[in-house]
Amino acid sequence: MPPTDATTGTGISPRPPSDPVGTGTEDTLDMRLPDELIALLTADEPIPAAQPRNTLADGDLLDAVAGWGAALTPAGVFRLVPVRLQRDLPLITRWMNDPAVAAFWDLAGPEAVTAAHLRAQLDGDGRSVPCLGVLDDAPISYFEIYRADLDPLARHYPARPHDTGVHLLIGGVADRGRGLGTTLLRAVADLVLDHRPSCTRVIAEPDLRNTPSLSAFMTAGFRFCAELDLPDKRAALMIRDRALRHLL
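Residues numbered from 1 in each chain as written. Predicted model: local features only at pLDDT ≥ 70, side-chain atom pairs only at ≥ 80, totals over all residues. Heavy atoms only, no water.

(A) Geometry of the nonpolar core. Counting residues in each nonpolar core, the largest one holds 33 residues, and the members touching the most others are F78, L80, F143, I145, V188 and F222. Elements with a contribution of two residues or more to this core: strand 2 (76–82), strand 3 (128–135), strand 4 (138–147), strand 5 (164–170), helix 5 (180–195), strand 6 (201–204), helix 6 (211–219) and strand 8 (233–241). No other element matches the nine residues that helix 5 contributes to this core. Residues in contact with V188, not counting those within four places in the same chain, are F78, L80, F143, I145 and V166. Counting 17 residues, the second largest nonpolar core, distinct from the first, contains L91, W95, L107 and L118. (Core = buried A, V, L, I, M, F, W, Y, C linked by side-chain atoms within 4.5 Å. Buried < 20%, exposed > 50% of the residue type's maximum accessible area, 1.4 Å probe, protein only. Helix = DSSP H or I, 4+ residues; strand = E, 2+ residues; numbered from the N terminus. Contact = heavy atoms within 4.5 Å.)

This is the structure we're talking about:
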């Protein structure tokens, strides 16, 4: 586990040499453990549950998704492009109103419905970044890259610090059912692991009813770990491990 933040202390209150039994006698020495020793003593202490390493003090919570660059895939050159509401809202709204998408995303309706969903992320603290998945300069998919360890999802599985989650939809009907989802999921998982060195696992929680999605995740190197009872669905916990990324 990562070391306890220095501000939490070590739990050790050293006494001055002239006060060996803790009588409170003043001493001119202000004894303090060396920083190196404090670091050794706290190295294996877990992060307190009430103070997860989430925070804006750590900087960008997702290591600057906009700067991750392109990935070369068998289908072409793929990039994640963070959403701009004015530019992308009509396209994403159209995708959300496709019956096959609406069945699992539950965001069908006018632009205001999709806009509210996107604004919740765009105006948030950066723990979730909505993106267009762009293949050879054509937007064909929508992704949400999010900090699973900071998400309500973390209450439902044994989360690790910096677990990074992925939500995906393929926009066009013609792009579904031909293995493209697998290609894009593998590309995105690789981008996460390449650009987020603190992340050891990429997480997903597709609806158990969404058989094509489950198949795409498993073919992309994710392993099925558990069934989760989430507030809005029965989900499959899918994990792609950094340690296994070249084996699966």
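(B) Layout of the packing of helix 2 (residues 85–96) against helix 4 (residues 111–122). In the contact formed by helix 2 and helix 4, the axes pass within 9 Å of each other and the chain directions differ by 125 degrees. With respect to helix 4, the element helix 2 is oriented oblique. Crossing of helix 2 over helix 4 shows right-handed handedness. Judged by residue contacts, L85, L89, P90, I92, T93 and M96 of helix 2 engage E111, T114, A115, L118, R119 and L122 from helix 4. Residue composition of the contact of helix 2 with helix 4, grouped by class: eight nonpolar, two polar and two charged. (Axes fitted to C-alpha atoms, helices over the stretch in contact; angles between N-to-C directions. Parallel < 35°, antiparallel > 145°, perpendicular 65-115°, else oblique. Left-handed = near helix turned anticlockwise from the far one by under 90°. Nonpolar A, V, L, I, M, F, W, Y, C, P; charged D, E, K, R; others polar.)

(C) Examining the packing of aromatic side chains more closely. In this structure the tally under the stated criterion is three aromatic pairs. Considering the side-chain rings of F78 and F143, the 5.9 Å spacing of their centres and the 70 degrees angle between planes classify their relative orientation as edge-to-face. In this pair, F78 sits in strand 2 while F143 sits in strand 4, placing the two residues 65 residues apart along the sequence. Comparing F78 with F143 shows no difference in burial state: the two are buried. Ring plane angle 85 degrees and centroid distance 5.1 Å describe the contact between F217 and F222, whose orientation is recorded as edge-to-face. Accessibility expressed as a relative area gives 4% for F217, which makes it buried. (Phe/Tyr/Trp six-rings, centres within 6.5 Å; stacked < 30°, edge-to-face > 60°.)

(D) Focus on the layout of surface pockets. Estimated volume of the largest pocket: approximately 1400 Å³. Surrounding the largest pocket, 48 residues form its lining, F104, W105, H167, L168 and K233 being those nearest its centre. Looking at the lining of the largest pocket, the elements that each hand over two or more residues are helix 3 (99–105), helix 4, strand 4, strand 5, helix 5 and helix 6. (1 Å grid on protein atoms, 1.4 Å probe; cavity = no way out; pocket = protein on both sides within 12 Å on 5 of 7 lines; lining within 4 Å. Points joined across faces, edges and corners; volume = space filled by probe spheres on them.)

(E) The arrangement of the pairing of strand 1 (residues 70–73) in detail. The two faces of strand 1 differ: A71 and T73 on one face are buried, but A70 and L72 on the other face are not. Between strand 1 and strand 2, which follow one another and run antiparallel, lie two residues. (Pairing = 2+ DSSP bridges.)

(F) Inspection of helix 5 at higher detail. Here helix 5 spans 22 Å end to end across 16 residues, near enough to the 22 Å set by a 1.5 Å rise per residue. Of all the residues in helix 5, the buried ones are L180, G181, T182, L184, L185, A187, V188, A189, L191, V192 and L193. (Expected span 1.5 Å × (residues − 1).)

(G) Inspection of the confidence of the model for the chain at higher detail. On average, residues of the chain score 82 in pLDDT, and 76% of them reach the 70 mark or higher. When the criterion is pLDDT under 50, residues 1–59 qualifies, and its contacts beyond four places in sequence or with other chains add up to 47 contacts. (pLDDT = per-residue confidence, 0-100.)

(H) Region of interest: the pattern of salt bridges. Applying the stated rule across the entire model yields 16 salt bridges. Taking the shortest distance from any N to any O, the salt bridge between K233 and E205 comes out at 3.0 Å. Within this pair, whereas K233 is found in strand 8, its partner E205 is found in the loop between strand 6 and helix 6, the two being separated by 28 residues in sequence. Because the salt bridges share partners, they merge into one network encompassing D190, D194, R240 and R245. (Salt bridge = Lys/Arg side-chain N within 4 Å of Asp/Glu carboxyl O.)

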